Amino acid sequence: MRIAETERLVLRTWTDCPDDLAAGLRIWGDPEVMRWVGRGDALDAGGVEASIAAGIAHQEQHGVQHWAVVERASGEVIGACGFHLDEGGPGLEMVFHFARAWWGRGFATEAARAAFEHVVRARRPPEIVAAHRLENEASGRILAVLGFEDHGVEHFEDSGADERIWIWRPSVSEAETRR
Ligand SMILES: CC(C)(COP(=O)(O)OP(=O)(O)OC[C@H]1O[C@@H](n2cnc3c(N)ncnc32)[C@H](O)[C@@H]1OP(=O)(O)O)[C@@H](O)C(=O)NCCC(=O)NCCS
């Protein structure tokens, strides 16, 4: 299912087809990409398959996932960008992971903006959270550009790392137009 489009990108849901599994492995199987994600472990093919299956189930249950980001020019899946919904925890959480070959060309910012605008329009969330390792400055830039506010640093037991917390909430004027 197509979620959003930009000048250079299409965001769509993941499938369990072999091309998506190969693309997932290029992203989550790369230790460089995973360096600052979770405990920093790259996934093997089985892990990627499980991650995509979990994403498909998450989409069915919650209407969001870490959507596949397709570069229009090549037709290739170059990254994952979207949301995880933890109803018992922080609510809607933004994530973005891109294959290394496509870093530094503004793709993550372009995809994150499209995913963010889609979810705000579709769900009207009261807030969206995000977190990243302190070393991961690019993530902070993307969140700041989208209007997230810096809420300081927290230690996470699951990743064993200090992470910067960002929260987006609708502005007063946006909230008023919803009434
Ligand atoms: C973080 C990541 C998504 C950025 O993707 P990207 O496509 O290279 O990002 P963009 O090109 O859109 O750049 C975003 C901003 O970060 C800046 N940036 C890019 N690489 C950077 C770096 N290594 N150090 C500091 N800033 C950097 C860019 O200049 C841009 O800032 P600007 O808007 O002020 O110009 C990508 O590096 C990635 O997938 N990393 C591994 C996974 C990961 O860490 N995800 C986030 C976990 S919370």
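What comes next concerns the included structure. Please read all numbers here as calculations on a predicted model, not as lab measurements. (Residues numbered from 1 in each chain as written. Predicted model: local features only at pLDDT ≥ 70, side-chain atom pairs only at ≥ 80, totals over all residues.)

A look at the site of the ligand
Formally: The C-beta atom of each residue is placed using the backbone, and any residue whose C-beta lies within 6 Å of a molecule or strand is treated as near it. A run of DSSP states H or I qualifies as a helix once it reaches four residues; a run of E qualifies as a strand once it reaches two. Both are numbered from the N-terminal end. Under the grouping applied here, Gly and all other residues not named as nonpolar or charged are polar, the nonpolar ones being Ala, Val, Leu, Ile, Met, Phe, Trp, Tyr, Cys and Pro and the charged ones Asp, Glu, Lys and Arg.
Taken together, 21 residues form the shell around the ligand, and within it Trp-103, Ala-108, Thr-109, Ala-138 and Arg-141 come nearest. Looking at the shell around the ligand, the elements with two or more residues in it are β5 (91-98), α4 (107-123) and α5 (137-146). Residue composition of the shell around the ligand, by class: eleven nonpolar, seven polar and three charged.

Side note on the nonpolar core
As a rule of thumb, nonpolar side chains are buried together in soluble globular proteins. As a reminder of what qualifies: What makes a nonpolar core is a set of buried Ala, Val, Leu, Ile, Met, Phe, Trp, Tyr and Cys residues, with links drawn between C-beta atoms within 7 Å. Three exposure classes are used, all based on how many other C-beta atoms lie within 10 Å of a residue's own C-beta (placed from the backbone): buried at 20 or more, exposed at 12 or fewer, and partly exposed between those limits. The contact criterion used is a C-beta to C-beta distance within 7 Å, with each C-beta placed from the backbone.
In this structure, Leu-11, Val-69, Cys-81, Ala-111 and Ala-115 are the most contacted members of the largest nonpolar core, which totals 43 residues. The element contributing the most residues to this core is α4, with eight residues. The residues touching Ala-111, leaving out its near neighbours within four places in the chain, are Leu-9, Leu-11, Val-69, Gly-79, Cys-81 and Phe-96.

Things to note about the environment of Ile-52
Its place among the elements puts Ile-52 in helix α3 (residues 45-62). Exposure remark for Ile-52: the 23 C-beta atoms within 10 Å place this residue in the buried category.

A short note on the environment of Trp-102
Tracing the backbone shows Trp-102 in the loop between β5 and α4. Under the C-beta neighbour-count criterion, Trp-102 is labelled partly exposed, with 18 such atoms within 10 Å. When the C-alpha positions of Trp-102 and Glu-76 are compared, they lie 11 Å apart, and in sequence the two are 26 residues distant. Ignoring sequence-local partners within four residues, the contact set of Trp-102 consists of Ile-78, Gly-79 and Phe-107.

Thoughts on unusual backbone geometry
Within the chain, Arg-124 stands out as a residue other than glycine whose phi angle is a positive 50 degrees. Take Arg-124: it is sitting in the loop between α4 and β6 (128-133). Take Arg-124: there are 11 C-beta atoms within 10 Å of it, and that puts it in the exposed class.

Notes on the pairing of strand β1 (residues 2-5)
Quick reminder of the rule: Pairing between strands is defined by DSSP: at least two bridges between the two strands are required.
Relative to strand β2 (residues 9-12), β1 runs antiparallel, the two being bridged by three bridges. In the strand pairing of β2, Glu-5 is matched with Val-10. Joining the antiparallel neighbours β1 and β2 is a turn of three residues.

Let's talk about the pairing of β6
Consecutive residues of a regular strand have side chains that alternate between opposite faces of the sheet. Note the following rule: Throughout, right-handed denotes a crossover for which the path from the first strand over the helix to the second runs clockwise when the strands point away from the viewer.
Among the six residues in β6, five count as buried, and that is most of the element. At this point the chain moves from β5, through α4, to the parallel β6, and the crossover so formed is right-handed. Relative to strand β8 (residues 161-168), β6 is paired through six bridges, and the arrangement is antiparallel. Each bridged residue has a counterpart across the sheet, and for Arg-133 the counterpart in β8 is Glu-163.

As far as function goes, none of this settles anything; it's purely spatial.
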